[in-house]
Amino acid sequence: MVGKGERSVRYDRDLQIESYRFEGIMQKFPNHFHEYYVIGFIESGQRRMSCKNIEYEIGPGDLIFFNPFDNHSCEPIDDQPLDYRCLNINADIMREVTEEMTGEDDLPSFTSPVAYGSEHAPLLKKLHQMIMDEIVDFEKEETFYFLFHQLIQEYASVTKEAECRVVKQEIEDVCNYLKVHYADSVTLDDLARMANRNKYSLLRSFTRIKGITPYRYLQTIRVSEAKKRLEQNMKPLDAAMETGFVDQSHFSRFFMEFIGLTPGQYREIFTLEKKEGREPFDGK
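Cut-off values and rules
Residues numbered from 1 in each chain as written. Predicted model: local features only at pLDDT ≥ 70, side-chain atom pairs only at ≥ 80, totals over all residues. Heavy atoms only, no water. Helix = DSSP H or I, 4+ residues; strand = E, 2+ residues; numbered from the N terminus. Rg over C-alpha atoms; globule rule 2.2 N^0.38 Å. Buried < 20%, exposed > 50% of the residue type's maximum accessible area, 1.4 Å probe, protein only. Contact = heavy atoms within 4.5 Å. Lys, Arg positive; Asp, Glu negative; His and termini not counted. Charge placed at Lys NZ, Arg CZ, Asp CG, Glu CD. Pairing = 2+ DSSP bridges. Axes fitted to C-alpha atoms, helices over the stretch in contact; angles between N-to-C directions. Expected span 1.5 Å × (residues − 1). Polar contact = N/O pair within 3.5 Å; in protein donor to acceptor, adjacent residues only side chain to side chain. Phe/Tyr/Trp six-rings, centres within 6.5 Å; stacked < 30°, edge-to-face > 60°. Lys NZ or Arg CZ within 6 Å of the ring centre and 35° of its normal.

S.K.: Even after reading the chapter, I still don't get the overall build of the protein, so can you show me in this structure?
M.R.: For the protein, the count of helices and strands is 11 helices and 12 strands. Taken over C-alpha atoms, the radius of gyration comes to 19 Å for the protein, in line with the 19 Å a tight globule of 284 residues would show. With respect to the three principal axes, the spread of C-alpha positions in the protein is 55 × 40 × 40 Å. Relative to its full complement of 284 residues, the protein shows a buried share of 51%. Partitioning the contacts of the protein with sequence separation of at least 6, the portion at a separation of at least 24 is 70%. Where the 36 positive side-chain charges of the protein centre and where its 49 negative ones centre are 7 Å apart.

S.K.: What am I meant to see in the pairing of strand S8 (residues 72-76) here?
M.R.: Two faces, one strand: in a regular strand the side chains alternate between the faces of the sheet. The buried fraction of S8 amounts to 4 of the 5 residues, a majority that puts the element mostly inside the structure. Relative to S8, strand S3 (residues 29-32) runs antiparallel, the two sharing 2 bridges. Within S8, the residue paired with Phe-29 across the bridge is Cys-74. The sheet contact formed by strand S5 (residues 47-51) and S8 spans 5 bridges and is antiparallel. If you follow Ser-50 over to S8, its bridge partner there is Ser-73.

S.K.: Is there a simple way to think about the sheet that holds strand S4 (residues 37-44) in this case?
M.R.: Adjacent strands of a sheet form backbone hydrogen bonds with each other and so pair up, either parallel or antiparallel. Spatially, the 6 strands line up as an open sheet ordered S1-S2-S9-S4-S7-S11, and their pairing is antiparallel. If you trace the sheet from one side to the other, it starts and ends with strand S1 (6-12) and strand S11 (114-115), each paired once. Pairing of strand S2 (residues 17-25) with strand S9 (residues 82-89), which is carried by 7 bridges, proceeds in the antiparallel orientation. Following the sheet pairing, Tyr-20 is matched in S9 by Cys-86. Running at roughly 80 degrees to strand S7 (residues 63-66), helix H3 (residues 139-155) makes contact with S1, S2, S4, S7, S9 and S11 of the sheet.

S.K.: Teacher, can you tell me more about helix H1 (residues 91-102) here?
M.R.: The α-helix advances 3.6 residues per turn, and as a result positions three or four apart in sequence lie on the same side. In this model, H1 (12 residues) spans 16 Å end to end at C-alpha, consistent with the 16 Å of a helix rising 1.5 Å per residue. Along H1, the residues that are buried comprise Ile-93, Met-94, Arg-95, Val-97 and Thr-98. Taking the backbone nitrogen of Asp-92 as reference, a side-chain oxygen 2.7 Å away marks Asn-90 as the first, capping residue of H1. Just beyond H1, the residue with positive phi is Gly-103, at close to 80 degrees.

S.K.: I keep staring at unusual backbone geometry and nothing clicks. Help me out?
M.R.: Negative phi is the rule for most residues except glycine; trans is the rule for most peptide bonds. Of note in this structure, Asp-78 is not a glycine but carries a positive phi near 55 degrees. With respect to the helices and strands, the residue Asp-78 is situated in the loop between S8 and S9. With relative accessibility at 69%, the residue Asp-78 sits in the exposed group. Phi at Asp-79 takes a positive value of approximately 55 degrees, unusual for a residue other than glycine.

S.K.: What is the right way to read the pairing of S5 from this model?
M.R.: Where burial is concerned, most of S5 is hidden: 4 out of the 5 residues are buried. Relative to strand S6 (residues 54-58), S5 is paired through 5 bridges, and the arrangement is antiparallel. Note that in S6 the partner of Met-49 across the bridge is Tyr-56. If you look at the hairpin formed by S5 and S6, you'll find 2 residues sitting between the two strands, and Lys-52 has a positive phi there, around 50 degrees.

S.K.: Where do I start with helix H5 (residues 169-180) in this structure?
M.R.: For H5, which comprises 12 residues, the first-to-last C-alpha distance of 17 Å matches the rise-based estimate of 16 Å (1.5 Å per residue) to within 8%. At its buried positions, H5 is contacted by helix H6 (188-195), helix H7 (199-210) and helix H8 (214-231).

S.K.: Which parts of the structure should I look at to understand the packing of aromatic side chains?
M.R.: Summed over all chains, the structure comprises 16 aromatic pairs. Geometrically, the ring pair formed by Phe-144 and Tyr-145 is edge-to-face, given 5.3 Å between the ring centres and 80 degrees between the ring planes. Where Phe-245 meets Phe-251, the ring centres are 5.1 Å apart and the plane angle is 50 degrees; that geometry is what we call tilted. Of the two residues, Phe-245 and Phe-251, neither departs from the other in class, the shared state being buried. Members of the aromatic cluster, connected to one another through ring pairs, are Tyr-215, Phe-245, Phe-251, Phe-254, Phe-255, Phe-258 and Tyr-266. Directly above the aromatic system of Phe-69 lies the positively charged group of Lys-210, at a separation of 5.9 Å from the ring centroid. Above the ring of Phe-254, the side-chain terminus of Arg-253 is found at 4.6 Å from the ring centroid.

Have a look at this one:
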């Protein structure tokens, strides 16, 4: 069931991060991933969440951490509407912030996707609201650095990026192929041949290593690419055709499932951003 609710997005040019707010949302989100960090918290509502195939029950005051490519899904518990705030941070920006704090060219990896009843939720809410209110005072940046220092120190391990994700090369080759050929007609036979595996073996290995099926991986990339086009004011139908979706209906269904907004709603947000001289988030 998809509740109407309220959805809003802001991009902060100073911090170069994106801020999402969902209010009264009933939507179930299927298994997917993002190419950027997501740090958020529940304001109200109970959710059953799965991250990297481990299940959690989350509620008000709980912090949520998704590293890039962490697969996750969630659904409401007892039909409770969700009020949720989150920040989306490009890996390049996260690297710069971490280097400023540690002096090392490292990326943090949050060790658990949930911090129950975190004492840092109020400060995250304060920063989030500053972004939503488009505050330009340097207190916003001060709050950002103070908060992220605490979050990384308490909830993350800082390791070299090359050491973070060890995957079989054959699966990486398939992922790289999908990233380049997302707009093409892709078959499971093609991917199996590339990985030198039969189709079942590829599905099993890919899902075990990535935590998501090849099809969901491909659709996530297509949605991500479509977002970039919508941010440039491309019509949803054209964005769908350019990113490999078979039709606009197919595109709209996946976009709504993964993002929580229709393609038209998302396009309108960034059309307004451009009219007001803002810049879109480039970490999708």
